[in-house]
Amino acid sequence: VSTQSTGKMKNLVTGNTWLWERGQFMNRRYLMQDLYQRFLDGDGTVDEMPNDEDPFWDPPGEVLIGTSNAFLQALAYGIDFDEPIMVGDYKGEDQGKLNVMISPCDDKGNSLGEDYFIEDSSELLGKPYNYKVTIKSCDINESRFHVGSFIKYKLEGDEEHTVTPTVTKTLSPVFNHERVVRIDKVTQDTLDWFENSCITFLVYGCQEDRASDAKLMKMSTKELRQKEASSGALKTNALTRQLTKSSVADDSAPLKTEIIVLKRRNEILAKKEKRIQAIVTEWGKKAPEEQKFEPFYRAISAAAFNTGTMLRSAATVITQVIRAQKLVGSVAGSIGSGDNGSTTGQSNGTAPSAAGRVAGSKACVIM
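Residues numbered from 1 in each chain as written. Predicted model: local features only at pLDDT ≥ 70, side-chain atom pairs only at ≥ 80, totals over all residues. Heavy atoms only, no water.

Trainee: In this structure, what is going on with the overall build of the protein? I would like to understand it.
Mentor: Helices and strands together make up the secondary structure of the protein, namely 7 helices and 11 strands. Looking at the 367 residues of the protein, the share that counts as buried comes to 33%. In the protein, the proportion of contacts linking residues at least 24 apart, taken out of those at least 6 apart, comes to 70%. When the accessible surface of the protein is summed, it comes to about 22800 Å², and 51% of that surface belongs to carbon and sulfur atoms. (Helix = DSSP H or I, 4+ residues; strand = E, 2+ residues; numbered from the N terminus. Buried < 20%, exposed > 50% of the residue type's maximum accessible area, 1.4 Å probe, protein only. Contact = heavy atoms within 4.5 Å. Areas by Shrake-Rupley, 256 points an atom, 1.4 Å probe, with all protein chains shown as cover.)

In structure tokens:
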């Protein structure tokens, strides 16, 4: 990873900012020295210098407002990530909110539904997987970026950034950008990326060469610097608090994603439980001749094996209960049709009958 130093230049009248690389700054430095020498020599043309010759001027362009990180752990469990995330600048200051959604989908970008859930992420290994990145909208705090804004981001394996269209004349741009990502075969590296990585969204703003306040045009450079210094002093305490808040937010972001996963898992399992209870209640109201084992078993299996594995054991227990119930019925029928002596084996100290074994089984206790 290479590190490159840059210098930040700010126009105190318009508020526009630029980042200059070292080479660009050194070229401008020589031009500034020459301009200052001309001023000392009494050159009157200094005050009327055109912009293209002014070393302190740059054309207004795009500038990075801040970044937002969306963690991908939810994808490993087939869950949507749909949360507003903070846009933070290089100082850690809050510059707005970005509304994004990252969700599993089919190869055409259609949602897999609320009931789709993966209990164990290893179930995805070797299978195709699709997900969709949706950038809904953004709320930007600084008013000078009402000129326009856009988003850049790069996914695993991308060589170039994906760029949204620029939305102009608003501080609450609506992008409605969608991108479907298709993974032919999920590998362990894919799962590791889901579990430990994030998508970094770069929020850019457009600038215009116009003073935000007409009074600033009448102020000298010294007065503008004093105004900027006093404004910076007022922000010092707020910035310290914001840095602490941002640090906490960054540390808690993965935990927040994990909470979303656990909450979704609980919701799906609760739905399964209610569905199984409804099936049991429905079949309990049927007439005895309609209470057949095979249709009931299919209904329970459909509910339990729909997604995940948590309720498979429940389906197994219920299967044992139904089989035990059928055995009780068959034994009771044979007892009722047999002679009286057939029921006295246990009182005489002999082995308990089939009915006695079934009545004492765990399945009948559960019933």
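Trainee: Hey, could you run me through the packing of aromatic side chains in this one?
Mentor: The description of an aromatic ring pair rests on the distance of the ring centres and on the angle between the ring planes. All told, the structure shown has 5 aromatic pairs when counted by the stated rule. Ring geometry for tyrosine 129 and phenylalanine 194: centres 5.8 Å apart, planes at 55°, overall tilted. Here tyrosine 129 is found in strand S6 (residues 129–140), whereas its partner phenylalanine 194 is found in helix H2 (residues 188–196), with 65 residues between them in sequence. A single burial state applies to tyrosine 129 and to phenylalanine 194, both of which are buried. Between the aromatic rings of tryptophan 193 and phenylalanine 194, the centroid separation amounts to 5.8 Å while the plane-to-plane angle is 35°, which identifies the pairing as tilted. Here tryptophan 193 and phenylalanine 194 have matching classes, each one buried. Taken together through their ring pairs, the aromatic side chains of Tyr129, Tyr131, Trp193 and Phe194 make up a single cluster. Of note, lysine 152 hangs over the ring of tyrosine 204, and the distance from its end group to the ring centre comes to 4.8 Å. (Phe/Tyr/Trp six-rings, centres within 6.5 Å; stacked < 30°, edge-to-face > 60°. Lys NZ or Arg CZ within 6 Å of the ring centre and 35° of its normal.)

Trainee: How should the pattern of salt bridges be read in this particular structure?
Mentor: Side-chain pairs of opposite charge can arise whenever the charged atoms involved come near each other. Taken as a whole, this structure holds 6 salt bridges when the rule is applied. Taking the shortest distance from any N to any O, the salt bridge between arginine 38 and aspartate 43 comes out at 3.1 Å. Judged by its relative accessible area of 27%, arginine 38 is partly exposed. Its salt-bridge partner being glutamate 142, residue arginine 144 comes within 2.7 Å of it at the nearest N-O pair. Here glutamate 142 falls in the partly exposed class, since its relative accessible area comes to 31%. (Salt bridge = Lys/Arg side-chain N within 4 Å of Asp/Glu carboxyl O.)

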